[in-house]
Amino acid sequence: MNFLTRFAASAWALLLPVAALAAPFAYVPNEGSGTLSVIDTQVDRVVAEIAAGKKPRGTVISVDGTRAYVSDQPNNRLVLIDLAARKQVGAIDLGESPEGVGMSTDGRWVVAAIEESNEVVFVDTTTNTRAFTVKLRGKNPEHAVFSPDGRFVFVSAEEGEAVDVIDFGRREQVAQIAVGARPRGIGFSPDSSRAYVGAENSSEVYVIDARAFTVLARIKAGARSNGIAVHPDGKRVFISNGGDASVSVLDTATLTITVTIGVGQRPWNMALTPDGKKLYVACGRSGSVSVIDTERNVKLAEIEVGKLPWGVAIR
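Overview of the structure. On a predicted model such as this, the values are computed, not experimentally measured, just so you know.

1. Observations concerning the nonpolar core
Then, number 1: Counting residues in hydrophobic clusters, the biggest one holds 16 residues, and the most contacted among them are F154, V163, V165, I177, I208 and F213.
Then, number 2: Per-element tally for this core: the top contributor is strand β17 (residues 194-199), with 3 residues.
Then, number 3: With residues up to four places along the chain from it excluded, the contact list for F213 reads F152, F154, V165, V174, A175 and I177.
Then, number 4: Core analysis: the next-biggest nonpolar cluster, separate from the first, contains 14 residues, W109, V120, F122 and V153 among them.

2. Points about the packing of aromatic side chains
Then, number 1: For the structure on display, the rule yields 12 aromatic pairs.
Then, number 2: Ring geometry for W109 versus F168: centroids 5.5 Å apart, planes at 65 degrees, classification edge-to-face. With W109 in strand β9 (residues 109-114) and F168 in the loop between β14 (162-167) and β15 (172-178), this pair connects stretches of sequence that are 59 residues apart. Each member of the pair, W109 together with F168, is buried.
Then, number 3: Residues F152 and F213 carry aromatic rings whose centres are separated by 5.2 Å and whose planes lie at 90 degrees to one another, so their mutual orientation is edge-to-face. With F152 in strand β13 (residues 152-157) and F213 in the loop between β18 (204-209) and β19 (214-220), this residue pair connects regions lying 61 residues apart in the sequence. Neither F152 nor F213 differs from the other in exposure class; each is buried.
Then, number 4: Each member of the aromatic cluster is reached from another via a ring pair, and the members are W109, F122, F132, F146 and F168.

Quick notes on the rules
- Residue positions are given per chain, counted from 1 along the sequence in the order it is written.
- The predicted origin of the model limits local features to residues at a pLDDT of at least 70 and limits the giving and counting of side-chain atom pairs to 80 or more, whereas totals for whole chains, interfaces and linings rest on all residues.
- Side-chain measures here rest on the full set of heavy atoms in the structure, leaving out hydrogens and waters.
- Residue types Ala, Val, Leu, Ile, Met, Phe, Trp, Tyr and Cys, when buried and joined through side-chain atoms within 4.5 Å, form a set referred to as a nonpolar core.
- Note on classification: 1.4 Å probe, protein chains only; a residue is buried when its accessible area is under 20% of the maximum for its type, exposed when over 50%, partly exposed between these limits.
- Runs of H or I in DSSP of at least four residues are treated as helices and runs of E of at least two as strands, each being numbered from the N terminus.
- Note on definitions: a residue-residue contact is assigned when non-hydrogen atoms from the two residues lie within 4.5 Å.
- Two aromatic rings, drawn from Phe, Tyr or Trp (for Trp, its six-membered ring), form a pair once their centres lie within 6.5 Å of each other, and the interplanar angle then sorts them: stacked below 30 degrees, edge-to-face above 60, tilted otherwise.

Pasting the structure below:
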């Protein structure tokens, strides 16, 4: 090995730990300003704004971190954004009034809840085309979320007081689970055995057996509970309370609320960093994202973003 080869190898070895420790970006769809705010989670500040349609809402990031898929509600489409170039590179027609979007663990499928037609559209990310749709029994679907094992998609039906269950392999709805008024956010335990659903108008969280499709518990949360984020260790669930300007922490072993943390006004959808150490909460009326230290259960920062932030996506 000559000097230049040894030098290059040494330099690369020095760079590897830095790359491995690089913090991810958080992407915030702002439905009032038509942008994605890009937050560097290492320093907790906005480093870019990306045009993302007229009214961006549901957002997911590809497994390799190169692309964002964003529902553009009034334009009835899924916007594709190149995150390196920070610009739109395509769009896929979805149907009238798309809302929340989800992604399969392997990144192959993006699902979008379509309000007006009461269905879920499945997009194949290998071709970036619509593959198929599934009609729902519930009315006004808000969120569509894959179970981590990829077997099912749970869909919150805002006006149906229910969660619709799609069997992905069968490409059809196989169950409907009654919950409280106006169900919104959905999160799964890491092993796919449980689902947690926020019911906004009843201010409750429902714990669901995600294999038997039955309700295990209903827990009183804060006023207008809606967003759900499950910690990677499965031991805690974070619930945003839109009417209380707070986030509650649910202990999944005891099914009790252990602490409530103050955040910005009208907290909505949220996302955790991959290591679970920080939670980013979109606060619509504040035009900000609240950052929570999940180990100490304290708010670390309030980051100003665009107008009416709807949620947060982190890969």
